[in-house]
Amino acid sequence: MGESFDAVSVIATKRDGGALSDAEIDWVIDGFTAGEVHDEQMSALAMAILLRGMDRREISRWTTAMTNSGQRMDFSGLRRAGRPLVTVDKHSTGGVGDKITLPLAPLVASYGIAVPQLSGRGLGHTGGTLDKLEAIAGWRSDLTYDEIVSLLESVGAVVCAAGASLAPADKKLYALRDVTGTVESIPLIASSIMSKKIAEGTQALVLDVKVGAGAFMKSEADARELAQIMVELGNEAGVRTSALLTSMWEPLGMTAGNALEVAESLEVLSGGGPADVVELTVALATEMLAAAGMTGVDVTDNLRNGKAMDVWEAMVRGQGGDPKAALPQADHSETIYAESTGVIESVDAMSVGRAAWRLGAGRARQGESVQAEAGVRMHVRSGDRVEAGDPLFTMYTATPERFASGRAALAGSTVIGSTPPQTLSRVIDRVTVEA
């Protein structure tokens, strides 16, 4: 059976700054998954990891143990017209107005690549992809493995919930981290994301690692460290992995909220939409196609010619949704106006995300319901000139008593001055395995 350990000794080793052995890591993850290492013990270990960190060997072993805590999916047998399909996935570390998966998955699939996008629900100020898609009448996120395979072979893209059998240790640990102040640990973030993505069985993976006010990583140095670790973990596990560092100082696009973001995604799939959403969608799609061996493709072609929209509609129908149904609209709205004249110097992403959450678009704890119609529409972005009395934001909700807390979140979120800000790309850098 190998060595026997006890949780208190493992916690004490990390508490005192020591490195956990491979055998200790395997034991603690196995024991936690089986319920033999208790929640309070894993919470203490998570805090010790947050404070003391992990070296690269520890992170790699922790990720492998989490991956091995459940089943692995296998898409290697996917075929279309007798030819094998390459699978490529994307994962974002989350932000405000981050609806990129919605136009991205069908866009990449329109070039003959299979995109198995196993996604999650939102928590706090970051909206979840599944919450957004559930604004579409009839759409369902819970699919069987056979349904996922069938959709990938026939349509090319699927966005669904990760099954309970996929990295179950991560699901248990994430719930603990959320309530114990240990979400921000880079080793725990990296292993959480990558254990699920490796278990998912995709051949290639592109990471969108966000940095800024509306992201988990507030500094570029932390975001770069996280990206580098995850890229290395993926490639070690045989998944071709690269990352883009992207800016989340300001919200992505002009909307934050579930149905609002679906509508904005449809604009992108129709060849329009906000410039920054298009820029990031195109950058990630280009990176995903390159990971699948397709280079030199101008992915804007399939946004303009309707091919990406065709895949979107087929994907939604394949998951029980009606792509032509009207999206939910809020019964109540309230607009916030500029109090002075000048140039918009900045719009704080966290403030907008917090407002959308308070209006009902997000949840404070796992399992809570969300309002499909709630959220914030931005009428201005950095660099725009405004006059006193011009609209800045419109808030939407089914419960108007929430407007006061939405207003409070947005107070001071927009800086109006005289200096136009420097126009910057959403993409800061590309991170790959160092040669």
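Up top you'll find the structure we're talking about.
All values reported here derive from a predicted model rather than from experimental measurement. (Residues numbered from 1 in each chain as written. Predicted model: local features only at pLDDT ≥ 70, side-chain atom pairs only at ≥ 80, totals over all residues. Heavy atoms only, no water.)

*Asks:* Looking at this structure, I do not really get the packing of aromatic side chains. What am I missing?
*Replies:* In this description, a pair of aromatic rings is defined by centroid distance and the angle of the planes. Evaluated as defined, the whole model comprises two aromatic pairs. Note on F75 and Y145: the rings are 6.1 Å apart at their centroids and 20° apart in plane angle, and the pair reads as stacked. One end of the pair, F75, is in the loop between α4 (56–67) and β1 (79–80); the other, Y145, is in helix α7 (residues 145–154), and 70 residues separate them in sequence. Accessibility expressed as a relative area gives 38% for Y145, which makes it partly exposed. (Phe/Tyr/Trp six-rings, centres within 6.5 Å; stacked < 30°, edge-to-face > 60°. Helix = DSSP H or I, 4+ residues; strand = E, 2+ residues; numbered from the N terminus. Buried < 20%, exposed > 50% of the residue type's maximum accessible area, 1.4 Å probe, protein only.)

*Asks:* Before we go on, may I ask you to explain the pairing of strand β7 (residues 240–247) in this structure?
*Replies:* A regular strand carries its side chains on alternate faces of the sheet. When you tally the buried positions in β7, you get seven out of eight residues, the bulk of the element. Tracing the backbone out of strand β6 (residues 204–211), into helix α10 (residues 220–236) and back to the parallel element β7 gives a crossover that is right-handed. Inspection of the sheet shows β7 paired to strand β15 (residues 427–431) by four bridges, in the antiparallel sense. Pairing of A243 across the sheet is with V431, part of β15. (Right-handed = clockwise from strand over helix to strand, strands pointing away. Pairing = 2+ DSSP bridges.)

*Asks:* Would you explain the environment of L152 in this entry?
*Replies:* Note that L152 resides in helix α7. With a relative accessible area of 0%, L152 lands in the buried category. With 58 residues separating them in the primary sequence, L152 and K210 have C-alpha atoms 28 Å apart. Residue contacts for L152: discarding those within four places in its chain leaves F75, L78, R80, L85, A114, V115, P116, A157 and V158. (Contact = heavy atoms within 4.5 Å.)

*Asks:* Teacher, can you tell me more about the side chain of T246 here?
*Replies:* In this structure, T246 sits in strand β7. On the basis of relative accessibility, which here comes to 0%, the residue T246 falls in the buried class. Other than its neighbours up to four places away in sequence, T246 contacts D208, V209, K210, V211, L280, R426, V427 and I428.

*Asks:* Explain the pattern of salt bridges to me, please; I cannot follow it from the model alone.
*Replies:* When charged atoms on two side chains of opposite charge get close, those side chains can pair. Considering all chains together, one arrives at 24 salt bridges under this definition. The salt bridge involving E232 is made with R56; its shortest N-O contact spans 2.7 Å. In this pair, E232 is assigned in helix α10 and R56 in helix α4, connecting sequence segments 176 residues apart. Note that E220 and R224 form a salt bridge whose closest N and O atoms lie 2.8 Å from each other. Of this pair, E220 and R224 both sit in helix α10, four residues apart, which is roughly one turn of that helix. The exposure class of E220 is partly exposed, given its relative accessible area of 37%. (Salt bridge = Lys/Arg side-chain N within 4 Å of Asp/Glu carboxyl O.)

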